[in-house]
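Next come the chains, spelled out residue by residue.
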Amino acid sequence: MNHILRFIPILCTCVAFAACVQADPVRHMADGHGGASHYTMDPHSFARPDEAVATHLNLDIHVDMGRQRIHGTATYDLKRQSGDSVVFDTYGLSIEKVTLGDGSEAKHALGDSSSMGRALKVALPPGANKVAITYSTGPEAKALQWLSPGQTKDKQHPFLFTQGEAALTRSWIPIQDSPGIRITYDAHVTVPQELMAVMSATNPQERNSEGSYRFRMDKPIPSYLIALAVGDIHFKATGNRTGVYAERSMVDTAAWELADMEKMVEAAEALYGPYRWGRYDVIILPPSFPFGGMENPCLTFATPTIIAGDRTLTSLIAHELAHSWSGNLVTNATWNDFWLNEGFTVYFEHRITEALYGKDYNDMTTVLGYQDLLKTIAEIDSGKHPEDSALHLDLAGRDPDDGMTDVAYEKGYALLRLIESKVGRPDFDAFLRGYFDHFAFQSITTDTFKAYIRKELLGPKQVDLNLDEWIDKPGLPANVLVPTSEKFAEVDKELSRWSTGAPAKGTPAKLLNTQGWNTFQWMHFLRHLPPGETPARMDELDAAFHFSASGNSEILAAWLEQCVKNNYQKAFPKLDEFLTTVGRRKFLIPLYQALIATKEGRERALEIYAHARPNYHSVSVRTIDDLLQWKGPRS
Ligand SMILES: [Zn+2]
């Protein structure tokens with residue numbers, strides 16, 4: 001997942017979580033696909049894989065776009081170790097029937113309701129190793145976003161997409177919903193015949209007239225990577241193994257923007273070994289998608305806000321592609337180990353973009369990420385959970401989403417940059433390649449990683465590194481490598497020409513040397529404008545650089561944040577339009593945070609949110625509801 005989420009204090013859910021899970025700790029790690037069968041405690045799942053673990057899912061579902069409901073049967077092959085039952089995670093599902101392999105009814109019960117959902121316990125007579133659960137989703141299916149035609153780009157047909165990470169797949173499939181448990185799956189999905197379905201599996205490239213689609217994922221993956229999208233979807237190839245899915249009016253533009261995908265796959269393979277998932281395709285979703293991207297195997301789900309018209313925002317695709325190794329191939333066993341997914345992926349992403357776009361590009365994105373990290377750590381330090389700026393988290397009793405901050409991404413990346421600087425790039429690359437091969441298709445914990453890197457790299461190279469401090473302690477260790485960028489130094493020079501003597505004097509905007517600046521240089525410029533810019537100077541900047549009219553979402557979002565901070569009213573209609581159409585959490589948080597910094601701004605935030613909220617995915621709604629302490633639309 002690529003999101004960059006600024007930290008905000010979560011108000012309510014903790015207590016419920018603690019009560020339901022701690023009472024029944026479970027252990028699981030490296031599940032039954034030839035992996036060892038002992039487990040690590042996953043505080044966010046009811047499943048008991050130490051007794052019975054699913055190894056394969058056969059999913060047969062119908063997607064009812066009219067009633068916004070999925071109905072069908074999930075049939076599991078089980079590997080049994082002990083006990084006489086199997087436990088699944090569910091959230092808001094109606095369980096209609098549970099049968100065994102011989103078709104007989106199975107005794108089953110749903111546990112108490114909690115914010116983690118309800119455990120579905122199924123009794124297993126001796127020898128039984130197949131269970132079929134017939135169910136339907138409910139209105140609370142947090143993983144599902146149903147869009148009306150009006151909320152899509154082409155406004156002709158409804159659209160559905162799923163977002164399972166972190167612990168939401170249980171709201172559309174009864175499943176052992178833990179990253180430490182891996183299954184293969186095949187699926188049969190029926191949808192209205194004018195629509196197409198795609199999944200994180202082998203995908204059709206053409207729609208069929210019956211609205212009936214079959215999918216197969218023959219590699220064992222964790223539940224959060226099972227994904228589905230349904231809509232007026234079209235396909236266009238961008239290479240032998242790569243292509244783009246999108247709505248009709250978007251597919252050509254998207255294919256042009258992502259023309260480098262094939263090169264990215266080759267660059268990634270040259271670094272860390274073969275791509276093991278067959279095809280690598282991307283689907284561009286409607287603008288309400290809450291993240292930048294989601295690394296669903298074979299089919300990355302991505303926001304349309306990366307379509308900038310100049311191919312400058314495609315590093316996100318490099319990020320999601322890199323997850324094909326770090327995250328999808330070698331997975332965090334629990335959400336406390338989330339940095340193993342994201343820290344490695346940010347490092348890998350930068351190696352791909354460096355190979356394609358050069359060192360300057362990398363230096364700039366590294367500095368921008370580091371700036372975000374410093375801001376996030378400062379916010380976490382002053383928040384309810386200062387311990388959350390450690391890489392190895394303890395999220396027992398809390399929503400796993402609480403751990404999805406820049407820390408996992410950028411502090412993880414900073415640690416790997418440091419290790420590279422200590423052992424040298426050739427040895428570090430050999431280590432990473434070995435790491436991916438050794439733990440391929442497994443889920444591991446932070447402790448397993450520590451033991452492995454000490455044995456395979458730090459020990460043999462006799463490197464003295466404060467690894468435990470980096471991984472277990474909050475904050476940033478003193479030996480962090482602070483990144484710099486020559487390209488940003490050029491921007492800093494123009495910034496001081498603009499700022500010196502402000503607001504009266506300073507170099508007029510149109511005389512600043514900004515020729516050839518790319519997205520990141522503009523982002524750096526906008527982030528570092530002097531505070532207290534007057535409407536006249538904001539006018540001057542907009543007249544010279546046309547920020548309000550920018551089709552580049554990164555530049556527009558950074559500009560709109562300055563407009564709020566400087567109360568530049570002229571841009572408020574654009575702000576309203578942006579917040580109403582774009583549901584990407586990374587952009588929503590800083591803008592709403594800037595608005596609620598003042599009384600009038602809070603009024604404006606609540607006004608905009610009242611009509612924007614229905615367009616957001618539940619992940620964004622939870623975050624912004626908390627930020628605004630939303631009590632519902634005012635009468
Ligand atoms: Zn990611």
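Model, not experiment: these values are computed from the prediction.

Could you give an account of the sheet that holds strand β7 (residues 108-110), naming the residues involved and the relevant values?
Strand order across the open sheet formed by 3 strands is β5-β8-β7, with antiparallel pairing between neighbours. Two strands bound the open sheet, and with one partner strand each, they are β5 (85-90) and β7. With strand direction ignored, the average angle separating the axes of adjacent strands in the sheet is 20°. One ladder, built from 3 bridges, connects β7 with strand β8 (residues 118-123); its direction is antiparallel. For alanine 109, the partnering residue across the bridge sits in β8 and is lysine 121.

Could you give an account of the pairing of strand β9 (residues 130-136), with specific residues and numbers?
Within β9, 6 of the 7 residues are buried, which leaves it mostly tucked inside the rest of the structure. With 7 bridges joining them, strand β4 (residues 69-80) and β9 adopt antiparallel strand pairing. Residue pairing for β9: tyrosine 76 is matched across the bridge by valine 131. Looking at chain direction, strand β6 (residues 94-100) and β9 are connected through 6 bridges and run antiparallel.

Please set out the nonpolar core residue by residue, giving values where relevant.
Counting residues in hydrophobic clusters, the biggest one holds 150 residues, and the most contacted among them are Tyr76, Trp172, Leu228, Ile284 and Tyr435. Among the elements that take part in this core, helix α7 (residues 406-423) stands out by supplying 10 residues, more than any other. Contacts of isoleucine 284, omitting those with residues within four sequence positions, involve Val244, Tyr245, Ala246, Met250, Ala254, Leu258, Ala302, Thr303, Pro304, Ile306 and Ile307. By size, the runner-up hydrophobic cluster in this structure holds 47 residues, among which are Leu588, Tyr592, Leu606 and Ala612.

Please provide a residue-by-residue account of the packing of aromatic side chains, values included.
Enumeration according to the criterion identifies 43 aromatic pairs in this entry. On the basis of an interplanar angle of 20° and a centroid distance of 6.2 Å, the ring pair of phenylalanine 431 and tyrosine 435 is categorised as stacked. Residue phenylalanine 431 and its partner tyrosine 435 are both found in helix α8 (residues 425-438); the two are separated by 4 residues, about one turn of the helix. Relative accessible area serves as the criterion here: at 5%, phenylalanine 431 is assigned to the buried category. Residue classification places tyrosine 435 among the buried residues on the basis of a relative accessible area of 2%. Residues tryptophan 522 and phenylalanine 525 carry aromatic rings whose centres are separated by 5.8 Å and whose planes lie at 85° to one another, so their mutual orientation is edge-to-face. With tryptophan 522 and phenylalanine 525 both in helix α12 (residues 519-527) and 3 residues apart, this pair spans about one turn of that helix. Across this residue pair, the class does not change: tryptophan 522 and phenylalanine 525 are buried. The ring centre of tryptophan 256 lies 3.8 Å from the NZ or CZ of arginine 311, which sits over that ring. Of note, arginine 417 hangs over the ring of tyrosine 413, and the distance from its end group to the ring centre comes to 4.9 Å.

So what's going on with α12? Which residues, and what values?
Of all the 9 residues making up α12, 8 are buried; the element is thus mostly covered by neighbouring parts of the structure. Listing the buried residues of α12 in full gives Thr519, Phe520, Gln521, Trp522, Met523, His524, Phe525 and Leu526. Where α12 begins, one side-chain oxygen reaches toward the backbone nitrogen of phenylalanine 520, 2.9 Å away; that side chain belongs to asparagine 518.

Outline unusual backbone geometry, supporting the account with residue identities and numerical values.
In this chain, glutamate 165 is followed by alanine 166 through a cis amide linkage whose omega measures 20°. Mapping alanine 166 onto the fold places it in the loop between β11 (159-162) and β12 (182-190). The phi dihedral of phenylalanine 441 falls on the positive side, at around 60°, and the residue is not glycine. In this structure, phenylalanine 441 sits in the loop between α8 and β22 (442-444). Although it is not a glycine, histidine 546 adopts a positive phi angle of roughly 55°.

Explain the pattern of salt bridges residue by residue, including any values.
All told, the structure shown has 38 salt bridges when counted by the stated rule. One salt bridge in this structure joins aspartate 77 and lysine 130, with 2.5 Å as the shortest N-O distance. Here the residue aspartate 77 occupies a position in strand β4, and lysine 130 occupies one in strand β9, the gap between them amounting to 53 residues. Across the pair lysine 359 and aspartate 363 runs a salt bridge whose closest N-O atoms are separated by 2.5 Å. Taken together, the positions of lysine 359 and aspartate 363, both in helix α6 (residues 359-381) and 4 residues apart, correspond to about one turn of that helix. Residue class for aspartate 363 comes out buried when judged on its relative accessible area of 16%. In this structure, a network of salt bridges that share partners links the residues Glu387, Asp388, Arg398, Asp399, Asp402 and Arg622.

Lay out the packing of helix α5 (residues 338-357) against α7 with the relevant residues and their values.
Across the interface, α5 lies against α7 with an axial gap of 7 Å and an inter-helix angle of 60°. Considered as vectors, α5 and α7 are oriented oblique to each other. Note on packing geometry: the crossing formed by α5 with α7 is right-handed. Along its contact with α5, which presents Phe338, Trp339, Glu342, Gly343, Phe344, Val346, Tyr347 and His350, the element α7 presents Ala408, Tyr409, Glu410, Gly412, Tyr413, Leu415, Leu416, Arg417 and Glu420.

I'd love a proper account of the sheet that holds strand β20 (residues 299-302), names of residues and values included.
Strand order in the open sheet made by the 5 strands is β16-β17-β18-β20-β19, with mixed pairing throughout. Of all strands in the sheet, those bounded by a partner on one side alone are β16 (233-237) and β19 (293-294). As defined by bridge partners, strand β17 (residues 242-247) adjoins strand β18 (residues 280-284) across 4 bridges and the pair is classed as parallel. Paired with valine 244 across the bridge in β18 is valine 282.

Which residues make up the confidence of the model for the protein chain, and what values go with them?
The predicted model of the protein chain has a mean per-residue pLDDT of 92, with 93% of residues at 70 or higher. Between residues 3-36, whose pLDDT stays under 50, and residues either more than four places distant or in other chains, the model counts 114 contacts.

Explain the side chain of aspartate 281 residue by residue, including any values.
Residue position: aspartate 281 is located in strand β18. There is a polar contact of 2.9 Å between the side chain of aspartate 281 and the side chain of arginine 279. Dropping the residues within four chain positions of it, aspartate 281 is found in contact with Phe235, Arg241, Thr242, Gly243, Tyr245, Cys298, Leu299 and Thr300.

Any details on the domain arrangement of the protein chain? Residues and values, ideally.
When the domains of the protein chain are assigned, the result is domain 1 (329-472) and domain 2 (486-628). Every contact between the two is made by 13 residues of domain 1 and, on the other side, 13 residues of domain 2. Across the domain 1/domain 2 interface, buried area totals approximately 1,100 Å², and carbon plus sulfur atoms make up 55% of it. It is Met364, Leu368 and Gln371 that lose the most area in domain 1 upon contact with domain 2, and together they represent 46% of the buried surface on that side. Run the count over domain 1 and domain 2 and you get 3 salt bridges. Ionic pairing is found between aspartate 372 and arginine 527, a salt bridge with its closest N-O pair at 3.1 Å. Counting across the interface, domain 1 meets domain 2 through 5 residue pairs in polar contact (both at pLDDT 80 or more).

Criteria and thresholds
Residues numbered from 1 in each chain as written. Predicted model: local features only at pLDDT ≥ 70, side-chain atom pairs only at ≥ 80, totals over all residues. Heavy atoms only, no water. Pairing = 2+ DSSP bridges. Helix = DSSP H or I, 4+ residues; strand = E, 2+ residues; numbered from the N terminus. Axes fitted to C-alpha atoms, helices over the stretch in contact; angles between N-to-C directions. Buried < 20%, exposed > 50% of the residue type's maximum accessible area, 1.4 Å probe, protein only. Core = buried A, V, L, I, M, F, W, Y, C linked by side-chain atoms within 4.5 Å. Contact = heavy atoms within 4.5 Å. Phe/Tyr/Trp six-rings, centres within 6.5 Å; stacked < 30°, edge-to-face > 60°. Lys NZ or Arg CZ within 6 Å of the ring centre and 35° of its normal. Polar contact = N/O pair within 3.5 Å; in protein donor to acceptor, adjacent residues only side chain to side chain. Salt bridge = Lys/Arg side-chain N within 4 Å of Asp/Glu carboxyl O. Parallel < 35°, antiparallel > 145°, perpendicular 65-115°, else oblique. Left-handed = near helix turned anticlockwise from the far one by under 90°. pLDDT = per-residue confidence, 0-100. Domains from an automatic or database assignment. Buried area = accessible area lost by both parts, 1.4 Å probe.

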